[in-house]
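Residue-level structure breakdown
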Amino acid sequence: QVQLVESGGGLVQAGGSLRLSCAASGRTFNSAVMGWFRQAPGKEREFVAAIWSGGPTYYAESVKGRFTISRDNAKNTVSLQMNSLEPEDTAVYYCAADLRGAPIRVRSWGYWGQGTQVTVSS
């Protein structure tokens, strides 16, 4: 059974940093695209970042220059380093894996984690 488990969320002040991690189990995702989405209260789930197996990355404009996605294929993990956090970044962050279409679309991804809460106070 495939599982994606996120960790690293929490409460941070504006301008601070957090690092999220996602550990995959049940299969290897070394050749698969992995990514992060987020969902704020009352809003739809939105794309944050994606990383291909060879290393290329793609970011939402709202996080470009502040967030960095990375992966460790040996450990079957993907991480999201978040710097210069803003209150608008407050959301539940979800790890996603196995891209099958356009990366910004929720339905393009085959597997999802349960999410981790990130709260940025002003």
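Attention in this report is confined to the structure presented alongside it. What you see is a predicted model, and the numbers here were worked out from it, not measured in a lab.

Burial of strand β3 (residues 18–25) is one-sided: the residues L18, L20, C22 and A24 facing one way are buried, the residues R19, S21, A23 and S25 facing the other way are not. Across 5 bridges, the pairing between strand β1 (residues 3–7) and β3 is antiparallel. Of the residues in β3, the one forming a bridge with L4 is A24. In this sheet, strand β8 (residues 77–82) lies alongside β3 in antiparallel orientation, the contact comprising 6 bridges. Within the sheet, the bridge partner assigned to C22 lies in β8 and is V78.

So, on to the state of the cysteines. Enumeration over the complete set of coordinates arrives at 1 disulfide. Note that C22 is cross-linked by a disulfide to C95, the S-S spacing being 2.1 Å. For the disulfide bridge between C22 and C95, the dihedral angle about the S-S bond is near -80°, and by the sign convention the bridge is left-handed. In this pair, C22 sits in strand β3 while C95 sits in strand β9 (residues 91–99), placing the two residues 73 residues apart along the sequence. As far as the burial class goes, C22 and C95 line up, both buried.

About the criteria used
- Residues numbered from 1 in each chain as written.
- Predicted model: local features only at pLDDT ≥ 70, side-chain atom pairs only at ≥ 80, totals over all residues.
- Heavy atoms only, no water.
- Buried < 20%, exposed > 50% of the residue type's maximum accessible area, 1.4 Å probe, protein only.
- Helix = DSSP H or I, 4+ residues; strand = E, 2+ residues; numbered from the N terminus.
- Pairing = 2+ DSSP bridges.
- Disulfide = S-S within 2.5 Å.

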